[in-house]
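# Architecture and fold: a report
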Amino acid sequence: MPLGAMNSAGGKASPGFERACLKLVNGNSPQRRIRILQQATEIFLDRGYAGATVDDIAQAAGVGKVAIYQHFGDKTELFAECMIDAAGSSPLKLHALLRSDRPVRDVLVDFAEQHVRRMLRPVFGTRPFYEFVRVLLGASITHPAISGRCLDILRSDEGAPLEQYFGRMIEQGVLTGGDPGFLTRHFMQTVFFTNNVILEPASADQYRDPRASAERVVDIFLNGCAGRTFSAGFDEAHPAGS
């Protein structure tokens with residue numbers, strides 16, 4: 001029997017009641033959540049975090065404000081979810097990438113290359129992800145809650161598996177420093193802040209070869225924290241003057 005075909009008295013429900021039931025069922029559909037994320041991302045990109053309002057996002061997505069609060073809780077969490085969706089990172093992929101049986105330089109270059117490619121990848125529409133990151137940087141000073149929330153996500157999704165990897169490399173003598181947490185923060189900051197494309201759109205041309213860009217970043221990092229095991233192998237593979 002179709003949804004809403006019978007009312008509480010056992011008779012046939014009115015067309016209005018049946019439409020209301022269908023709306024209730026479909027209201028929390030994944031499609032609606034995706035639509036909200038799409039519209040919110042576009043508005044955040046156009047107006048920044050402070051200039052975007054829940055009212056405008058709800059109107060653009062064709063939903064009520066209540067629907068946004070039901071799905072995301074508040075504007076800060078909505079922005080964070082937009083960032084997660086736009087970034088498209090997967091902890092499972094990172095765990096597969098951070099393998100101890102591969103040369104550490106190759107592993108870190110793969111990690112950094114993934115970051116560079118992510119920055120250049122279009123989000124909803126044709127605008128690159130680095131524009132969304134620029135919105136985050138702009139909001140972090142006046143809205144510390146949003147930067148804190150996004151950093152929490154970054155630490156959980158990328159920082160945790162990377163810290164475990166660095167711990168294994170320190171135990172094997174491949175890296176030095178003694179503190180996997182410090183190396184994780186140092187590496188992620190090196191990858192992040194050497195990516196000038198976040199701050200200056202014109203510098204995007206520097207990253208047309210993501211692999212080469214990633215190799216430069218990783219060599220800067222390893223120059224300061226490579227252990228003797230790694231340094232010996234690196235010197236053999238990269239003799240002076242080559």
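Residues numbered from 1 in each chain as written. Predicted model: local features only at pLDDT ≥ 70, side-chain atom pairs only at ≥ 80, totals over all residues. Heavy atoms only, no water.

### A short note on helix α3 (residues 54-61)
Within α3 the residues assigned to the buried category are Val54, Ile57, Ala58 and Ala61. Buried residues of α3, viewed axially, fall in a sector of 100°; they line one side. Tucked inside the fold, the buried residues of α3 contact α2 (30-51), α4 (65-72) and α5 (75-87). Backbone geometry just after α3 places Gly62 at a positive phi near 70°. (Buried < 20%, exposed > 50% of the residue type's maximum accessible area, 1.4 Å probe, protein only. Helix = DSSP H or I, 4+ residues; strand = E, 2+ residues; numbered from the N terminus. Arc of directions from axis to C-beta. Contact = heavy atoms within 4.5 Å.)

### Things to note about the nonpolar core
Ranked by internal contacts, the top residues of the largest apolar core, which has 35 residues, are Phe44, Ile68, Leu78, Phe79 and Phe129. Going through the elements one at a time, α2, α3, α4, α5, α8 (129-140) and α9 (144-171) are the ones with two or more residues in this core. Other than its neighbours up to four places away in sequence, Phe79 contacts Phe44, Tyr49, Phe132, Val135, Leu136, Ile146 and Cys150. Core analysis: the next-biggest nonpolar cluster, separate from the first, contains 25 residues, Leu94, Met169, Val191 and Cys225 among them. (Core = buried A, V, L, I, M, F, W, Y, C linked by side-chain atoms within 4.5 Å.)

### A look at the packing of helix α7 (residues 104-120) against α9
It is the contact of α7 with α9, at a shortest axis distance of 12 Å, that shows an interaxial angle of 165°. Taken together, α7 and α9 sit at an angle that is classed as roughly antiparallel. Crossing of α7 against α9: the hand is left-handed. Each of Val104, Val107, Leu108, Phe111 and Arg118 in α7 lies in contact with α9, whose residues at this interface are Glu158, Leu162, Tyr165, Phe166 and Met169. In the contact of α7 with α9, the residues fall into 8 nonpolar, no polar and 2 charged. (Axes fitted to C-alpha atoms, helices over the stretch in contact; angles between N-to-C directions. Parallel < 35°, antiparallel > 145°, perpendicular 65-115°, else oblique. Left-handed = near helix turned anticlockwise from the far one by under 90°. Nonpolar A, V, L, I, M, F, W, Y, C, P; charged D, E, K, R; others polar.)

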